[in-house]
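Structural overview for review
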Amino acid sequence: MKYTIRLLVAVFFLFIATGRAAAQIPNTRIYDGEKLVKVKARMQEKEYAPAIARLMSDADKALKSKPVSVMDKDMVAASGDKHDYMSMGPYWWPDPSKPDGLPYIRKDGIRNPDATSDRTNIGKTIGNILTLGTAYYFSGNEKYAAKAAELARVWFLNPETRMNPNMNYGQMIPGRNGGKGRGFGMIDAYSFVELLDVIEMMSTSATFTKADHKGIKNWFTEYLEWIRTSSVANEERTAENNHGLAFDVQQTIYALFTGDSALARKTIHEFAEKRLFPQIEPDGKQPRELARTTGFGYTNFNLIHMMDMCAVCRTLGIDIYNSISKDGRSIAKALEYMASFVGKPQSEFPYQQIKGWEREMQTSCWILRRASFYDKNSGWEEISRKYMNTPETDRRYLLYSLE
């Protein structure tokens, strides 16, 4: 009898432990870990099945991808070290009045197709790891984590191919500043913030090993030190538009990932007064973004950064969404201004948007969906639902669910 009772107790606690392991909440910052667990539990239901199917299809394609690295570029940074990341400013073009085209001239909003270099390959690498890591999280299939680990090792860890942990030559402009980069270059790697979420989502994997996690953490520790001490990074730190706000999001997430909670909390503590309020007018306009040739797109771009910071703060029990200045500047006001154009023709937008109006409408709908997480009575979700026509196969239904 005693043996039977002990056996039952053992089985009970084994069941509890197994349940906890199965429902382990990933330590994510941009994606809501609790929502991810709920979606995973219902992923074969009609609401999520199309997005899951597309995710697995994309992951199977990513399994066939060839690892790329900073060593694959033809151009080399002014340092002479191929391990240094290098990219060209996307809106800079050869000067047609100069025989050699130098120095390049700016055409805002018009991307130079030759301005690629490492930017293309870093995009491929991060995009494939995001796909593979997310597929591993929902499927538990180690083949996806193994491929993600392979790609990460080539880009970040292997001595022969790793990227040096700096952006000293990001968004350089040919013919200007001796080939050195600009603080704006940090935005090339903004998707690192999601990359670290997906790495956390692979924390249970045997093939994306503890050594891989430690190596990535060490890389970002060095990168964070570069951010704190580099004059190039300081240009981004002092930027007064979306770049400055994006800098804070990145610095906060890298600090949390590497264990520097003091820096993360300091950045968050200063965020509203230092970043939000100077960039948002009392009526919700973001004048520095509206001044661009794609003013609505840049308005959305900066709102995405705001949503990202709201998500990060929420994991720490901090409410940044409801921060409001004495004269009424707030994230809600910025959302209100953006939402006033959702579902309307471009002709009603009083600023420039030289391309992609319909695409930006969908971006706005996803921003409003995310904003509804912080204010259930705002009406943001109703607007989003009314005008969203994103295909049901889109991965964002999994990552930003209404659970």
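Because the structure is a prediction, the values reported are computed rather than measured.

Considerations on the environment of Phe373
Considering the arrangement of structural elements, one finds Phe373 in the loop between helix H14 (357-372) and helix H15 (380-387). Judged by its relative accessible area of 10%, Phe373 is buried. The residues touching Phe373, leaving out its near neighbours within four places in the chain, are Lys35, Arg314, Tyr400, Ser401 and Leu402.

Some words on the nonpolar core
Residues Phe138, Phe192, Phe220, Tyr223, Tyr254 and Leu335 are the most contacted members of the largest nonpolar core, which totals 109 residues. Sequence-distant contacts of Tyr223, that is, excluding residues within four places in its chain, are made with Pro165, Asn166, Met167, Met186, Phe192 and Tyr254. Counting nine residues, the second largest nonpolar core, distinct from the first, contains Ala77, Trp92, Tyr104 and Ala115.

Describing the pattern of salt bridges
Scanning the entire structure with this criterion turns up 26 salt bridges. Here Glu150 and Lys147 are joined by a salt bridge, their closest N and O atoms 3.1 Å apart. Linking Glu150 with Lys147, this pair stays in helix H5 (residues 142-157), spanning three residues, or about one helical turn. One salt bridge in this structure joins Asp283 and Lys285, with 3.9 Å as the shortest N-O distance. Overall, the relative accessible area of 26% leaves Lys285 in the partly exposed class. Taken together, the shared-partner salt bridges in this structure form one network comprising Arg42, Glu45, Glu47 and Glu403.

Structural notes on the confidence of the model for the chain
In this model, the chain carries an average pLDDT of 93, and 94% of its residues clear a pLDDT of 70 or more. Long-range and interchain partners of residues 1-22, a stretch whose pLDDT sits below 50, account for zero contacts in this model, where long-range means more than four residues apart.

Side note on unusual backbone geometry
The omega torsion across Leu102 and Pro103 is -10°, close enough to zero to call that bond cis. Mapped onto the fold, Pro103 is located in the loop between strand S2 (92-93) and strand S3 (105-106). Look at Gln171: it is not a glycine, yet its phi comes out positive at around 50°. Given the relative accessible area of 5%, Gln171 is considered buried. Within the chain, Asn177 stands out as a residue other than glycine whose phi angle is a positive 55°. Within the secondary structure, Asn177 is located in the loop between strand S4 (169-172) and helix H6 (192-201).

Some remarks on H14
Between its first and last C-alpha, H14 extends 23 Å over 16 residues, near the 22 Å set by a 1.5 Å rise per residue. Most of H14 is tucked away, with 14 of its 16 residues classed as buried.

Details of helix H7 (residues 210-229)
The terminal C-alpha atoms of H7, which comprises 20 residues, lie 29 Å apart, in line with the 28 Å expected from a rise of 1.5 Å per residue. Summarising the contacts, the buried residues of H7 are in contact with H5, H6, helix H8 (231-237), helix H9 (242-258) and helix H10 (261-279).

What about the packing of aromatic side chains?
Under the counting rule described, the total for this entry stands at 25 aromatic pairs. Here Phe192 and Phe220 contribute two aromatic rings whose centre-to-centre distance is 5.3 Å and whose plane-to-plane angle is 80°, an arrangement assigned as edge-to-face. Taken together, the residues Phe192 in helix H6 and Phe220 in helix H7 connect sequence positions 28 residues apart. Like Phe192, the residue Phe220 is buried in the burial classification. Residues Tyr321 and Tyr374 carry aromatic rings whose centres are separated by 5.7 Å and whose planes lie at 25° to one another, so their mutual orientation is stacked. Of this pair, Tyr321 sits in the loop between helix H12 (295-315) and helix H13 (331-339) while Tyr374 sits in the loop between H14 and H15, and the two are 53 residues apart along the sequence. By the ring-pair criterion, three or more aromatic residues cluster together here, those being Phe156, Phe192, Trp219, Phe220, Tyr223, Trp226, Tyr254 and Phe257. One residue, Lys107, lies across the ring of Trp93, its end atom 4.8 Å from the ring centre.

Observations concerning the side chain of Gln362
Structurally, Gln362 can be placed in helix H14. Residue class for Gln362 comes out buried when judged on its relative accessible area of 13%. Among the polar contacts made by the side chain of Gln362, one reaches the main-chain amide nitrogen of Asn389 at a distance of 2.8 Å. Other than its neighbours up to four places away in sequence, Gln362 contacts Tyr387, Met388, Asn389 and Thr390.

Description of the environment of Arg359
Within the secondary structure layout, Arg359 lies in helix H14. Here the alpha-carbon distance between Arg359 and Leu335, two residues 24 residues apart in the chain, equals 17 Å.

Re the packing of H6 against H7
As a packed pair, H6 and H7 sit with axes 12 Å apart at the nearest point and diverge in direction by 155°. On the basis of their axis angle, the class for H6 and H7 is roughly antiparallel. H6 and H7 meet at a crossing whose hand is left-handed. For the pair H6 and H7, contact is made by Phe192, Leu195, Leu196 and Ile199 and by His213, Ile216, Trp219, Phe220 and Tyr223, respectively. Class assignment for the residues of the contact of H6 with H7 results in eight nonpolar, one polar and no charged.

What to know about the state of the cysteines
Two cysteines form a disulfide when their sulfur atoms are joined by a covalent bond. Throughout the structure, instances matching the rule amount to zero disulfides. Looking at Cys313, it has no disulfide partner, and the nearest cysteine sulfur is the one in Cys310, 6.9 Å off. A relative accessible area of 0% means that Cys313 is categorised as buried. Between Cys365, a cysteine without a disulfide, and Cys310, which holds the nearest cysteine sulfur, the sulfur-to-sulfur distance is 18 Å. The class of Cys365 is buried, set by a relative accessible area of 0%.

Reading guide: rules and limits
- Residues numbered from 1 in each chain as written.
- Predicted model: local features only at pLDDT ≥ 70, side-chain atom pairs only at ≥ 80, totals over all residues.
- Heavy atoms only, no water.
- Helix = DSSP H or I, 4+ residues; strand = E, 2+ residues; numbered from the N terminus.
- Buried < 20%, exposed > 50% of the residue type's maximum accessible area, 1.4 Å probe, protein only.
- Contact = heavy atoms within 4.5 Å.
- Core = buried A, V, L, I, M, F, W, Y, C linked by side-chain atoms within 4.5 Å.
- Salt bridge = Lys/Arg side-chain N within 4 Å of Asp/Glu carboxyl O.
- pLDDT = per-residue confidence, 0-100.
- Expected span 1.5 Å × (residues − 1).
- Phe/Tyr/Trp six-rings, centres within 6.5 Å; stacked < 30°, edge-to-face > 60°.
- Lys NZ or Arg CZ within 6 Å of the ring centre and 35° of its normal.
- Polar contact = N/O pair within 3.5 Å; in protein donor to acceptor, adjacent residues only side chain to side chain.
- Axes fitted to C-alpha atoms, helices over the stretch in contact; angles between N-to-C directions.
- Parallel < 35°, antiparallel > 145°, perpendicular 65-115°, else oblique.
- Left-handed = near helix turned anticlockwise from the far one by under 90°.
- Nonpolar A, V, L, I, M, F, W, Y, C, P; charged D, E, K, R; others polar.
- Disulfide = S-S within 2.5 Å.

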